[in-house]
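# Coordinates in review
The residues making up each chain are set out below.
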Amino acid sequence: MRVAVIGAGVIGLSTALCIHERFQPLVPCLQLEVYADRFTPHTTSDGAAGLWQPYLSDHGELQETLWNKETFDHLLGYLGSPEAKEMGLFLISGYNLFTRPVPDPSWKNIVLGFRNLTPKELELFPGYSYGWFNTALMLECRSYLPWLSNRLAQRGVKFFHKKVGSFQEMFAQGMDVVINCTGVRAGELQPDPALQPARGQVLKVRLCLHHIHPPGRAPRSPSPPAFLPQVQAPWVKHFVITHDMDSGIYNSPYVIPGSEFTVLGGIFQQGNWNEENSAQDHKTIWERCCKLLPSLQKAKIVEEWSGLRPARPRVRLERETLRHGHSQAEVIHNYGHGGFGITIHWGCAMAAARLLGSILQEKQLARPPQSHL
């Protein structure tokens, strides 16, 4: 039984791992392969700050809220483990800010300690009159994607650095099931008018250390910058995400501190396929974030990154039977996660694994373990 996962971002790698963990003991003949033309650190996932936070509204998509919760609970289970550091996983608290009252989000009971801001707290952020505070999770993909890749390699999963041109190409290689985790490029494999790029750009900042090293000791050379622009600002301890309800999601400034750098953003350009950094967007992000947190003016920009979020009205997670010659072959689609792929990835991976399970049962390759009660 040969299964190919196309895509090696957080969706593709987590789906591959979830499938292998669940079915390898039940289907010894399962052969899982991962195909992608971009691997870490060159995926869209690598550009994400890594904060677990869904969009403000689920627009009635209760299934997506469930997948978000399953992901949060899964990651929370790793938090106290020795693997958390290697995964790039840790707790983080912070603020969501608004210029007017808004309904509570669907995820208020998923995160930890969700509450409304007090008038005293709002005084810290001039121009904002309403907000929330909560504790969530950070999952930094520059650590998490290598962790997933290593887990898969240890389990014998093979990786192929290759651009896949069609599902038929995979079926011709003998694949029984193809799992489509190609993000914003999914339309190249099958037309999908609902899928659009939502271009983002971020800066990463770092504190200049040469003024603060101990006397007589030279400052340590800074580590090479990661794939996206970052700023290390150790005085920034909380994430701060602002929301402009008129301009839409991610079109107002946000500041998210990570383990090494602080990510500044606030760009969401639907339909823009340009992956080059924009000087105008750079200026917009920097000026808006420095106005939000003036202390950032002391930070040093060390990197910049642009990427394309796979925006879609809802995640496409479904099974499709396609004809291949005189026979049929199966595709499982798992794409369209917008700007919350990290937030929803494991819940979607489990759902994709259940779809594969139904295919395996139909082929009578996997049977539920018998009860010994």
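The structure reproduced in this document is the subject of the present report. Please read all numbers here as calculations on a predicted model, not as lab measurements.

Thresholds applied
- Residues numbered from 1 in each chain as written.
- Predicted model: local features only at pLDDT ≥ 70, side-chain atom pairs only at ≥ 80, totals over all residues.
- Heavy atoms only, no water.
- Salt bridge = Lys/Arg side-chain N within 4 Å of Asp/Glu carboxyl O.
- Helix = DSSP H or I, 4+ residues; strand = E, 2+ residues; numbered from the N terminus.
- Buried < 20%, exposed > 50% of the residue type's maximum accessible area, 1.4 Å probe, protein only.
- Patch = residues over 30% accessible without salt bridge, like charges linked within 9 Å, V, L, I, M, F, W, Y side chains within 5 Å.
- Areas by Shrake-Rupley, 256 points an atom, 1.4 Å probe, with all protein chains shown as cover.
- Pairing = 2+ DSSP bridges.
- Axes fitted to C-alpha atoms, helices over the stretch in contact; angles between N-to-C directions.
- Contact = heavy atoms within 4.5 Å.
- Phe/Tyr/Trp six-rings, centres within 6.5 Å; stacked < 30°, edge-to-face > 60°.

## Thoughts on the pattern of salt bridges
As enumerated under the stated definition, the model contains 24 salt bridges in all. When the shortest N-O distance is used, the salt bridge between Glu-330 and Arg-319 registers 3.0 Å. Here Arg-319 lies in strand 14 (residues 316-324) and Glu-330 lies in strand 15 (residues 327-335), a separation of 11 residues in the sequence. Take Glu-330: its relative accessible area is 10%, and that puts it in the buried class. For Arg-319, a relative accessible area of 27% gives the class partly exposed. Salt bridges sharing partners connect three or more residues here, namely Asp-37, Arg-38, Lys-163, Arg-185, Glu-188 and Glu-275.

## Examining a nonpolar patch on the surface
Residues Leu-76, Leu-91 and Leu-112 make up a contiguous nonpolar surface patch of about 210 Å² in total accessible area. When you line up the elements, Leu-91 lands in strand 3 (residues 89-98). When its relative accessible area of 42% is taken as the criterion, Leu-91 is described as partly exposed.

## A few points about the sheet that holds strand 7 (residues 177-180)
Ordered by their spatial adjacency, 6 strands build an open sheet running 6-2-1-7-15-14, and the pairing between neighbours is mixed. The two strands at the open ends of the sheet, each matched to only one other strand, are strand 6 (158-161) and strand 14. Across the sheet, the axes of successive neighbouring strands diverge by a mean angle of 20°, strand direction being ignored. With 4 bridges connecting them, strand 2 (residues 31-36) and strand 6 associate as parallel partners. Considered in strand 6, the bridge of Ala-36 is made with His-161. The strands that helix 8 (residues 341-362) touches are strand 1 (2-6), strand 7, strand 14 and strand 15; relative to strand 14, the one it contacts most, it runs at about 35°.

## A look at the packing of aromatic side chains
Counted by the stated rule, this structure contains 13 aromatic pairs. Aromatic pair Phe-98 and Tyr-130: ring centres 6.4 Å apart, planes at 55°, arrangement tilted. With a gap of 32 residues between them, Phe-98 in strand 3 and Tyr-130 in strand 5 (residues 130-139) connect regions that are remote in the sequence. Ring geometry for Phe-114 versus Trp-132: centroids 5.4 Å apart, planes at 50°, classification tilted.

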